[in-house]
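# Results of the structural survey
Letter by letter, the chains look like this.
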Amino acid sequence: MGSIVLIEYGAGNTRSVTYALQRLGLEASLTSDPERIRRAGRVIFPGVGQAASAMEKLRQNGLDKLIPELRQPVLGVCLGLQLMCRHSTEGDTPGMGIFDAGVIHFHDRPEDTNGLKIPHMGWNRVLPKDSLLLQGVPEGSYFYFVHSYFAEIGEDTKGVTEYGVPFSAVMEKNNFFATQFHPEKSGDAGEQVLKNFLRI
Amino acid sequence: MLTFRIIPCLDVKDGRTVKGVNFVNLADAGDPVELGAHYRDEGADELVYLDITATYETRKTLVPLVERVAGTLNIPFTVGGGIGSTADVEALLQAGADKISINSSAVYHPGLIGELAYHFGSQCVVVAVDARQTPEGTWQVYTHGGRKATDKELFSWVKEAEDRGAGEILFTSMDHDGTRRGYALDALARISETVEIPVIASGGAGKPEDFYDAWKRGKADAALAAGLFHYKELSIKDLKKYLKEKGVPVRE
């Protein structure tokens, strides 16, 4: 499998992911060095915070160009997933365009999300659509989400969650994988997702 | 469907859990990590660690504790108690806390809410509010663990907290706390209708029906309890079974 790196760019909750990997007996290193990222066996791309400022931080290190060119398995988490999409309405931010989907706010669909609490915070189910990441996860398992923006359903959507509207909870395309939920905080089901990613 | 969250609250003093003495099956119920793991195994959706340490010296035990909790548990947890600055929060988040809760410091320095939301994102900023109903029927906000009255009114304060960037409200009714007679449902429902962010009910849980009421009548997104769980009067497993039968969406 080779080494595991977590992309460090000042907008990620890297600590929790590091701990989750440690619980699986694995060590990951944090880095923003393009060369180390390119050479890693697995790349994890976490993210919390605001899309535009996170994208700006990626650009400063040239990571916005590097990530889409990676050939090894890459896992985006939360904002990581959103930045891997085409565009986000958060700060009108162009994404890396790995996944062919747009990212919008729950309020961009007021007719469907009226009266719902935003952020979508807590445990929700994911309906798998031929997903590698969700293999072996018991049906009806819950995952932990915290987000106000979501990726719309597209052809790269491999897991769907409903919160007023159906959205992409899991996306997969070639060597690129991503979850809107936090696998590192999603109990046993989340651990299975991480194991699946590391096994790919 | 998003589930109604059940959140045990663990009081921590000088790095040790204060309550929970009835857990004879645990090697060390005074160990916040072990007790937290026990609750996780029972089905807790999240945990809140409330630091009630008296002195600055013993407060230093908090960051190493948070590191141990984060290293062990695979569910989210919030850390609260005496947090007053961006530097405090940064240290706790760095150590692995998912959210932090601020209470008194938010009341006296409301700008802190926005500062934290800006630096770390609203998703990790929980504003905890302790309040009590006046004889005239209005709800007055208290600070310093309920010892100090303020001139803030509950409903306008939670709205302000939301506007400033809070990601979640943890509301404790001091009138109900410790009574085991149920949550302050009317106030809870009004808060839930006032803000758009999730609301955690706290104070007064005594039986499974109280959690159902917090969801149904209080429109809460989550319910927190301490003593009820610590003294093993109710297990989270049984509580969730009850809630599920009543049609409340819960994570099993």
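See the structure above.
Residues numbered from 1 in each chain as written. Chains lettered and ligands numbered in written order. Predicted model: local features only at pLDDT ≥ 70, side-chain atom pairs only at ≥ 80, totals over all residues. Heavy atoms only, no water.

## Points about the overall build of chain B
- Counting secondary structure elements, chain B contains 11 helices and 11 strands.
- Relative to its length of 252 residues, chain B is compact, with a C-alpha radius of gyration of 17 Å against a globular reference of 18 Å.
- Along the three orthogonal principal directions, the C-alpha set of chain B runs to about 45 × 45 × 35 Å.
- When burial is assessed residue by residue, chain B has 60% of its 252 residues classed as buried.
- Residue pairs in contact within chain B that sit at least 24 positions apart in sequence constitute 65% of those at least 6 positions apart.
- Just so you have it, chain B exposes about 10,100 Å², and 49% of that area is on carbon and sulfur atoms.
- Treating the 29 positive side-chain charges of chain B as one cloud and the 37 negative ones as another, the clouds have centres 3 Å apart. (Helix = DSSP H or I, 4+ residues; strand = E, 2+ residues; numbered from the N terminus. Rg over C-alpha atoms; globule rule 2.2 N^0.38 Å. Buried < 20%, exposed > 50% of the residue type's maximum accessible area, 1.4 Å probe, protein only. Contact = heavy atoms within 4.5 Å. Areas by Shrake-Rupley, 256 points an atom, 1.4 Å probe, with all protein chains shown as cover. Lys, Arg positive; Asp, Glu negative; His and termini not counted. Charge placed at Lys NZ, Arg CZ, Asp CG, Glu CD.)

## Thoughts on the overall build of chain A
- Counting its secondary structure elements, chain A contains seven helices and 14 strands.
- For chain A, whose C-alpha radius of gyration is 15 Å, the value lies close to the compact-globule estimate of 16 Å for 200 residues.
- Principal axes of the C-alpha set define a box for chain A whose edges measure 45 × 40 × 30 Å.
- Per-residue burial for chain A yields a buried fraction of 60% across its 200 residues.

## Here's the deal with the sheet that holds strand 7 (residues 102–105) of chain A
Residue and element names in this part refer to chain A.
- Pairing is mixed across the open sheet formed by four strands, whose spatial order is 6-5-7-11. Taken across any chain shown, the strands that pair with only one partner, and hence form the sheet edges, are strand 6 (93–94) and strand 11 (149–151).
- Bridge count for strand 5 (residues 87–88) against strand 7 is two bridges, and the pairing is parallel. By the bridge assignment for strand 7, histidine 87 is matched with glycine 102. (Pairing = 2+ DSSP bridges.)

## Some remarks on the interface of chain A and chain B
- Taken together, the 27 residues of chain A in the interface contact 34 residues of chain B.
- The junction of chain A with chain B conceals about 2,400 Å² of combined surface from both sides, 51% of it contributed by carbon and sulfur atoms.
- Among the residues chain A hides against chain B, the three largest losses belong to Lys117, Met121 and Trp123 of chain A. Together they make up 31% of the total.
- Residue aspartate 221 of chain B is joined to lysine 117 of chain A by a salt bridge in which the shortest nitrogen-to-oxygen separation is 2.7 Å.
- At the boundary of chain A and chain B, one finds 16 residue pairs in polar contact (both at pLDDT 80 or more).
- For the side of chain A that touches chain B, the leading source of residues is strand 8 (residues 120–125) of chain A, giving six residues. (Buried area = accessible area lost by both parts, 1.4 Å probe. Salt bridge = Lys/Arg side-chain N within 4 Å of Asp/Glu carboxyl O. Polar contact = N/O pair within 3.5 Å; in protein donor to acceptor, adjacent residues only side chain to side chain.)

## Description of the layout of surface pockets
All names here are of chain B.
- Put simply, the second largest pocket is a space of about 1,100 Å³.
- Around the second largest pocket sit 42 residues that line it, and Leu50, Ile52, Asn103, Asp130 and Gly145 are the ones nearest its centre.
- Of all the secondary structure elements, the ones that give two or more residues to the lining of the second largest pocket are strand 1 (5–13), strand 3 (47–51), strand 5 (99–102), helix 5 (104–108), strand 6 (125–133), strand 9 (168–173), strand 11 (222–225) and helix 10 (227–230). (1 Å grid on protein atoms, 1.4 Å probe; cavity = no way out; pocket = protein on both sides within 12 Å on 5 of 7 lines; lining within 4 Å. Points joined across faces, edges and corners; volume = space filled by probe spheres on them.)

## Some words on the pairing of strand 1 of chain B
Residue and element names in this part refer to chain B.
- Burial analysis of strand 1 places eight of its nine residues in the buried class, which makes it a mostly covered element.
- When strand 1 meets strand 11, the two strands line up parallel, connected through four bridges. The partner of arginine 5 across the bridge, within strand 11, is alanine 222.
- For strand 1 and strand 3, the ladder comprises four bridges, and the chain directions are parallel. In the strand pairing of strand 3, leucine 10 is matched with tyrosine 49.
- Pairing geometry for strand 1 and strand 2 (residues 16–17), over two bridges, is antiparallel. Within the sheet, the bridge partner assigned to lysine 13 lies in strand 2 and is arginine 16.

## Description of the pattern of salt bridges
Residue and element names in this part refer to chain B.
- One pass over the structure, following the stated rule, counts 27 salt bridges over all chains.
- Salt-bridge contacts for glutamate 160 lead to arginine 164; the nearest nitrogen and oxygen are separated by 2.8 Å. Here the residue glutamate 160 and the residue arginine 164 both occupy positions in helix 7 (residues 154–164), the gap between them amounting to four residues, near one helical turn.
- A residue is classified by how much of its surface remains accessible, and glutamate 160, at 25% relative accessible area, is partly exposed.
- On the accessibility criterion, arginine 164 (36% relative accessible area) is partly exposed.
- With a shortest N-O distance of 3.0 Å, lysine 207 and aspartate 210 are connected by a salt bridge.
- Here lysine 207 falls in the partly exposed class, since its relative accessible area comes to 37%.

## Observations concerning a nonpolar patch on the surface
- Taken together, Val18, Leu50 and Ile52 of chain B make up a surface patch of nonpolar side chains, about 200 Å² in accessible area.
- Its location among the elements puts leucine 50 of chain B in strand 3. (Patch = residues over 30% accessible without salt bridge, like charges linked within 9 Å, V, L, I, M, F, W, Y side chains within 5 Å.)

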